[in-house]
Amino acid sequence: MLWFWLVIGWIGFAILPWYQQEYGFWTLEWLYDGYPMYGDYSPAILQATLHQKFWLLPIAAFLLAPLALLRAGRDHPHYARILISCGLGGLIYLVGQGFFVGISGWGFGWLEAMFGPLDVRQYGLGYGAMFVAASLLVMLCTGLAAAGAMRGDVFVTSAIGTVIALVGLFVFFPVARIFIGSFVDIDGNLSGVAFIRNFLDDSIWGLGCLAGGVCGVAWNTAFLAVLTAVSTTLLGLSFALVVTRTGFRFKKPLRVLTVLPIITPPFVIGLALILLFGRSGAVTQFFADLLGVEAGRWLYGLPGIWLAQTLSFTPISFLVLIGVVEGVSPSMEEASQTLRAGRWKTFVNVSLPLMRPGLANAFLLAFIESMADFGNPMVLGGNYEVLSTEIFFAIVGAQNDAGRAAVLAMILLFFTLSAFAAQRFWLGKKSYATVSGKADNGAHVGLNPGMRLACYFTAIPWAIFTVVLYGMIFYGSFVKRWGFDNSLTLDNYGDAFGIGWGEHGIVWAGAAWDSFWTTLNISAIAAPLTAAVGLTTAYLLVRQNFRGKSAFEFGTMLSFAIPGTVIGVSYILAFNVPPFELTGTGVILVICFIFRNMPVGVRGGIAAMSQLDKSLDEASLTLGANSFTTFRRVILPLLRPAIVAALVYSFVRAITSVSAVIFLVSADHNMATSYIIGLVENGRYGVAIAYCSVLILVMLTAILVVNGLIGQRRLRREDRVEATPDKTSTGNLREKHS
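What counts and how
Residues numbered from 1 in each chain as written. Predicted model: local features only at pLDDT ≥ 70, side-chain atom pairs only at ≥ 80, totals over all residues. Heavy atoms only, no water. Helix = DSSP H or I, 4+ residues; strand = E, 2+ residues; numbered from the N terminus. Rg over C-alpha atoms; globule rule 2.2 N^0.38 Å. Buried < 20%, exposed > 50% of the residue type's maximum accessible area, 1.4 Å probe, protein only. Contact = heavy atoms within 4.5 Å. Areas by Shrake-Rupley, 256 points an atom, 1.4 Å probe, with all protein chains shown as cover. Phe/Tyr/Trp six-rings, centres within 6.5 Å; stacked < 30°, edge-to-face > 60°. Lys NZ or Arg CZ within 6 Å of the ring centre and 35° of its normal. Patch = residues over 30% accessible without salt bridge, like charges linked within 9 Å, V, L, I, M, F, W, Y side chains within 5 Å. Salt bridge = Lys/Arg side-chain N within 4 Å of Asp/Glu carboxyl O. Lys, Arg positive; Asp, Glu negative; His and termini not counted. Charge placed at Lys NZ, Arg CZ, Asp CG, Glu CD. Axes fitted to C-alpha atoms, helices over the stretch in contact; angles between N-to-C directions. Parallel < 35°, antiparallel > 145°, perpendicular 65-115°, else oblique. Nonpolar A, V, L, I, M, F, W, Y, C, P; charged D, E, K, R; others polar. Expected span 1.5 Å × (residues − 1). Disulfide = S-S within 2.5 Å.

Caption draft 1: Expanded view of the overall build of the protein chain. Within the protein chain one finds 34 helices and 6 strands. Relative to its length of 738 residues, the protein chain is compact, with a C-alpha radius of gyration of 29 Å against a globular reference of 27 Å. Considered along the principal axes of its C-alpha atoms, the protein chain spans approximately 80 × 75 × 65 Å. Split into buried and exposed, the 738 residues of the protein chain put 50% on the buried side. Intrachain contacts of the protein chain at a sequence separation of at least 6 include 73% that bridge at least 24 residues. Just so you have it, the protein chain exposes about 35800 Å², and 63% of that area is on carbon and sulfur atoms.

Below you can see the structure in the form of structure tokens.
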């Protein structure tokens, strides 16, 4: 296949436009606008010979040398050495020339001092550069395989090399740029003084709240995150205990409630709370009229954000904890009771310590989600400032201080990574495994009466409150103007999603259609790519052993620890200028969603693939199939649950994401959440809630469709037969049950 990738490289160098096109990544309008002679659309070979970009010519040498190997193949004595040298050298040179020559000439002052001013310039890399880079990368990986890496398996080395290159470019490079950006002053110059000034700013670390004043934004964010993590973990544990350790009759509806906040756009909870407890809210007005007092604004600030985040993130804690609570071995609890310990002591001394990993993970997830949350503080923040909104205003506000935004993002990243480290320290290296290969037919110990009542009085009112809240969401979408004119109307849906009929057919008259179609298109493109990258990475981690595997896994999971706000700022700093000029395009949104949501696909794939015996791979390889065929025809069909999870999660998160998206949208690529922010800022709550209601229905439909298309994993022959059991099988079935 070497010849194929060499052809790809030469197509990129000699045919496709080398630089990014102004029409966008997906369009082909450049074909009719002066291609190939016009400078902006010329391929690299013409850029070098006709347009004075002489520094592109050496790239041809890295593509020419491997041509000598086509006839001799692997029998050539220097096959591996030539491919590795050309692939690695070509990639280094390709990226280096992009940094050395930029949009204003030389990219560094010392180059201009050495060679003098440069009359020509270059823009961000485009189609041609992408094809050449892919060719050089595969060339390098093929050379490594020929040198004996991964037992000479080209597919495995290429997969590892591709994932490393993508994670390095779209995770580590932006993080490095945000670190460098924190040392840039407001004039764009590197300055340690600028970093110290921004980092030690009293508005970040001030402790005025101890004297009745205002605390710094860093302490506000950390305090809110701890409050949210504690409340959501306790509520999630209460829900998990009610479902698994009690005879509560409505367990299934309780589980359904865990899905709704996950597929809910980030502003919905805040808007619903405003409809209930805002100055014109139903509850606020009721008590104001009943008691004859003025309606208050207590909702705006710390109480409101905390309440909204607890509502939003409790389902995540529940989903984490229910598996842990169910996973505690009943035999351990029975042994405790055999030793005459009561239910309370058994729970405190046996069950609860074994739930420690789940509690730590639930706390960690809620802490990170609270840190990264942008929607709820934006809607309900009032005068309570947090890092996510401060970063946003530092970028788009009147101050337009990218250096301050970078420092705030670094502080936010420090908090989240510290939480990861604290979790690992708290769990230590102790073993919490209680389920072995032996049968365990015991039943879980029920809760003692006092604790059962405590769980009921915690979980059931909260569940009822959640139902009322979502009822208000859908009701509020049909109200003309909440608090002033509560008459029912369809105007909100008409304003957002109105459809008309014109001379040329259907007219999408609603103002929200543009952002709606953009959101669906980008989410639909990002979801399968996210699943593909995640599951391929999981395959490499579970099925392959190679040097640096732990660092490889850490790199693929790093984006999960990075809050969305930090991702947004880092992408602005990294991809706003050549050689990777992507801001304002739909491509950067797709890339952001892929690497933001990839860790879920990785973890799901690892969990599912760990259950598949390696003898399946060995049998396929023994029968003559290569690694790629084995992965495609043996492993993937058995990973259907993981594929469904990765597709659904990535699609839903792409639609509901706001903290990263808010920095990356443009006039041509406006996402739904960004559009909803504008509606909220203009006080058009009814239209905003109507838009959110439509998105919820779309995501529920997508979940059902994906489950239907992918189907279920079939492991037994009986799963393939859908027939009425005969008398013998029915008799055997009855014998088993009896």
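Caption draft 2: Fine view of the packing of aromatic side chains. Taken as a whole, this structure holds 51 aromatic pairs when the rule is applied. Between tryptophan 513 and phenylalanine 516, the ring centres sit 5.7 Å apart and the planes meet at 80°, which makes this aromatic pair edge-to-face. One end of the pair, tryptophan 513, and the other, phenylalanine 516, are both in helix 24 (residues 513-543), 3 residues apart, so they sit about a helical turn from each other. For tryptophan 513, a relative accessible area of 11% puts it in the buried group. Measuring from ring centre to ring centre gives 5.4 Å for tryptophan 513 and tryptophan 517, while their planes differ by 15°; the resulting arrangement is stacked. Separated by 4 residues within a single helix, tryptophan 513 and tryptophan 517 lie in helix 24, roughly one turn from each other. Ring pairing ties together the aromatic residues Phe99, Phe170, Phe173, Tyr571, Phe575, Phe580 and Phe595, which thus form one cluster. A cation over an aromatic ring shows up here: arginine 297 above the ring of tyrosine 300, its NZ or CZ 4.9 Å from the ring centre.

Caption draft 3: Representation of a negative patch on the surface in the model. A cluster of like negative charges, contributed by Glu22, Glu29, Asp33 and Asp40, occupies part of the molecular surface. Its place among the elements puts glutamate 22 in the loop between helix 1 (2-14) and helix 2 (44-50). When its relative accessible area of 64% is taken as the criterion, glutamate 22 is described as exposed.

Caption draft 4: Quick peek at the packing of helix 13 (residues 268-277) against helix 14 (residues 282-291). As a packed pair, helix 13 and helix 14 sit with axes 3 Å apart at the nearest point and diverge in direction by 15°. As the angle between them shows, helix 13 and helix 14 are arranged roughly parallel. On helix 14, the residues that touch Leu275, Leu276 and Phe277 of helix 13 are Ala282, Val283 and Thr284. Split into classes, the residues belonging to the contact of helix 13 with helix 14 amount to 5 nonpolar, 1 polar and no charged.

Caption draft 5: Spotlight on the environment of glycine 686. Relative to the elements of secondary structure, glycine 686 occurs in helix 33 (residues 685-710). Taking the relative accessible area as the measure of exposure, glycine 686 reaches 13% and is therefore buried. The sequence separation of glycine 686 and isoleucine 588 amounts to 98 residues, and the corresponding C-alpha distance is 31 Å. The contacts of glycine 686, once residues within four sequence positions are left out, are Gly476, Ser477 and Asn492.

Caption draft 6: Seen up close, helix 11 (residues 217-245). For helix 11, spanning 29 residues, the distance from its first C-alpha to its last is 41 Å, which sits close to the expected 42 Å at 1.5 Å a residue. Most of helix 11 is tucked away, with 23 of its 29 residues classed as buried.

Caption draft 7: Looking closely at a nonpolar patch on the surface. A contiguous nonpolar patch, built from Met1, Trp3, Phe4, Val7, Leu64, Leu67 and Leu70 and spanning about 700 Å² of accessible area, is present on the exposed surface. With 3 residues, the top contributor of residues to the nonpolar patch is helix 1. Mapped onto the fold, methionine 1 is located in the segment before helix 1.

Caption draft 8: View of the pattern of salt bridges. A full pass over the atoms with the stated rule returns 5 salt bridges. Here glutamate 369 ties to arginine 653 by a salt bridge, and the two come within 3.8 Å at their closest N and O atoms. Residue glutamate 369 is found in helix 18 (residues 356-372), and its partner arginine 653 is found in helix 30 (residues 640-656); the two are separated by 284 residues along the sequence. Accessibility expressed as a relative area gives 22% for arginine 653, which makes it partly exposed. Between arginine 404 and glutamate 390 there is a salt bridge whose closest N-O contact spans 3.6 Å. Of the two residues, arginine 404 is situated in helix 21 (residues 402-427) and glutamate 390 in helix 20 (residues 387-396); the sequence distance between them amounts to 14 residues. The exposure class assigned to arginine 404 is buried, which follows from its relative accessible area of 8%. Its relative accessible area of 14% is what places glutamate 390 among the buried residues. Taken together, the shared-partner salt bridges in this structure form one network comprising Asp201, Glu390 and Arg404.

Caption draft 9: Inspection of unusual backbone geometry at higher detail. The omega torsion across proline 578 and proline 579 is 10°, close enough to zero to call that bond cis. In this fold, proline 579 is placed in the loop between helix 26 (564-574) and helix 27 (586-609). Phi is positive for methionine 150, close to 50°, though the residue is something other than glycine. In this structure, methionine 150 sits in the loop between helix 7 (127-146) and helix 8 (154-181). A relative accessible area of 13% places methionine 150 in the buried class.

Caption draft 10: Layout of the state of the cysteines. All chains considered together, the criterion is met by 0 disulfides. Counting only cysteine sulfurs, cysteine 141 is the nearest neighbor of cysteine 86, a cysteine outside any disulfide, at a range of 14 Å.

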